[in-house]
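Spelled out, the chains give:
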Amino acid sequence: SPSRPNEPAVVDSLLMQELQESKTRNEKLESLNSALLQRSAQLENESKERRRERDELLNKITHLELEKRMAVMEAEHATKAMEEKAASLAEMQMEIDMVSKASVKAQRRAAKDE
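The present account deals with the structure reproduced in this document. Keep in mind the model is a prediction, meaning the values are calculated, not measured. (Residues numbered from 1 in each chain as written. Predicted model: local features only at pLDDT ≥ 70, side-chain atom pairs only at ≥ 80, totals over all residues. Heavy atoms only, no water.)

1. Here's the deal with the environment of Arg51
Consideration 1: The residue Arg51 is located in helix α1 (residues 7-113) in this model.
Consideration 2: Of the residues examined, Arg51 reaches a relative accessible area of 37% and is grouped as partly exposed.
Consideration 3: At 2.9 Å, the side chain of Arg51 and the side chain of Ser47 are in polar contact. (Helix = DSSP H or I, 4+ residues; strand = E, 2+ residues; numbered from the N terminus. Buried < 20%, exposed > 50% of the residue type's maximum accessible area, 1.4 Å probe, protein only. Polar contact = N/O pair within 3.5 Å; in protein donor to acceptor, adjacent residues only side chain to side chain.)

Okay, here's the thing in structure tokens:
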């Protein structure tokens, strides 16, 4: 309208200001988005690393459990072998004692007969 010759200039100025604010907001959002993408990639890498560490530890646990089972079996085997040797030695000792007693008796009889 003729009474407001500056009105289009004011509208243009407001539109330019709004456009500039939109650009600034857009840049800020793009910057935040970029930071979030970086953080997401970092977390993904850390997650992969944790999974790798967990898998390594699970493998180690499995290996140690196997080693423990083998050690227990070896200990049981050694214990059984020792028990068998102890029984065998006890049997030998009994035989030695019997032979010794028989020998002593035989010597006494021989001494009496003399």
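2. Some remarks on the pattern of salt bridges
Consideration 1: Counting across every chain of the model gives five salt bridges.
Consideration 2: Between Glu44 and Arg51 there is a salt bridge; the shortest N-O distance is 3.9 Å.
Consideration 3: Glu53 is the salt-bridge partner of Arg50, the closest N and O atoms lying 3.6 Å from each other. Linking Arg50 with Glu53, this pair stays in helix α1, spanning three residues, or about one helical turn.
Consideration 4: Judged by relative accessible area, which is 48%, Arg50 ranks as partly exposed. (Salt bridge = Lys/Arg side-chain N within 4 Å of Asp/Glu carboxyl O.)

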